[in-house]
Amino acid sequence: KVVHDALKPKLGITHDKDIKEATKNHQHMASPDEVDNFDNGLILAPSLTPLHPYWDEICCPWNKSLAKQFADEIIAAGHELSGETRENIKTHFFQRLVTLKKELKCQTPRSNETEAQATQ
C-alpha cells in the first residue's frame, strides 16, 4: 500500500486510469534517447522527480535505477512497511509499472478505433 500510494503523486495520477493523461505529450515517460544516453554513461541516473519511467521496456537499467532510488526514498522516509525489504519495494515498484503499462495499452486506440472508443 505504501508503494502504491507513494508512486501515484510521482506520476501525477490519482487512479491507474489517469496514466494515459499523465503520459500525454511525453510527460512522465523517458525517451529512447535518454535511456540510451544513460545506458552509455552519458547522463547520470534518472531523477525520481519528475518520475519518467521507460514504458517500452519495464525491466531495464533506467527503471532499475528508478526502483532503487524509490526504495531508498521510502525507507528514508520511515514509512511503516510491515516487514517489507528494499527488494520487496523494488519488486512492487516494477509490478506497478507493469500494471500501469497494461492500462496504457488498454487506452491506446487500435488501428480501427478512435481514442474515444478505446477508452470506453
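Bear in mind that the values here come from a model prediction, so they are computed numbers and not experimental data.

A. Summary view of the environment of Phe70. The residue Phe70 is located in helix 4 (residues 61-76) in this model. Separated by 67 residues in the primary sequence, Phe70 and Val3 place their C-alpha atoms 8.8 Å from one another. Among residues more than four places away in sequence, those in contact with Phe70 are Val3, Ala6, Leu7, Lys10, Leu48, Ile89 and Phe93.

B. Examining the packing of helix 3 (residues 32-39) against helix 4 more closely. One can describe the packing of helix 3 onto helix 4 by two numbers: an axis separation of 9 Å at closest approach and a directional angle of 80 degrees. Comparing the axis directions of helix 3 and helix 4 gives the class roughly perpendicular. Where helix 3 approaches helix 4, its residues Glu34, Val35, Phe38 and Asp39 are matched on the opposing element by Pro61, Trp62 and Ser65. Considering only residue class, the contact of helix 3 with helix 4 consists of four nonpolar, one polar and two charged.

C. Just the state of the cysteines, in detail. This structure, assessed with the given rule, holds zero disulfides. Here Cys60 is not disulfide-linked; the sulfur of Cys59 is the nearest cysteine sulfur, at 7.7 Å. What makes Cys60 buried here is its relative accessible area of 2%.

D. Molecular detail of a negative patch on the surface. On the surface, a cluster of negative charge is made up of Asp33, Glu34, Asp36, Asp39, Asp56 and Glu57. With respect to the secondary-structure elements, Asp39 resides in helix 3.

Parameters at a glance
- Per-chain numbering applies: the sequence of each chain, read as written, is numbered from 1 onward.
- It should be noted that, the model being predicted, local features are given only for residues of pLDDT at least 70 and side-chain atom pairs only at 80 or more, the latter also being counted only at that level, while totals for whole chains, interfaces and linings use all residues.
- Side-chain measures here rest on the full set of heavy atoms in the structure, leaving out hydrogens and waters.
- Each helix is a run of DSSP H or I of at least 4 residues and each strand a run of E of at least 2, with the numbering of both proceeding from the N terminus.
- Throughout, a contact is declared for two residues whenever any of their heavy atoms are within 4.5 Å.
- What counts as an axis is a line fitted to C-alpha atoms, over the stretch in contact for a helix, and the angles between N-to-C directions run from 0 to 180 degrees.
- Comment on the angle field: the value is read as roughly parallel under 35 degrees, roughly antiparallel over 145, roughly perpendicular from 65 to 115, and oblique elsewhere.
- Ten residue types, Ala, Val, Leu, Ile, Met, Phe, Trp, Tyr, Cys and Pro, are classed as nonpolar, four, Asp, Glu, Lys and Arg, as charged, and the remainder, Gly among them, as polar.
- Pairs of cysteine sulfur atoms within 2.5 Å are identified as disulfides in what follows.
- Burial status follows relative accessibility: with a 1.4 Å probe on protein chains alone, a residue under 20% of its type maximum counts as buried, one over 50% as exposed, and anything between as partly exposed.
- What goes into a patch is any residue over 30% in relative accessible area without a salt bridge, connected to like charges within 9 Å or, for nonpolar side chains (Val, Leu, Ile, Met, Phe, Trp, Tyr), within 5 Å.
- Working definition of accessibility: Shrake-Rupley area with a 1.4 Å probe, residue cover restricted to the visible protein chains.
- What counts as a salt bridge is simple: a side-chain nitrogen of Lys or Arg found within 4 Å of a carboxyl oxygen of Asp or Glu.
- Positive charges come from Lys and Arg alone, negative charges from Asp and Glu alone, with His and the N- and C-terminal ends not counted.
- Charged groups are reduced to one reference atom each: NZ for lysine, CZ for arginine, CG for aspartic acid, CD for glutamic acid.

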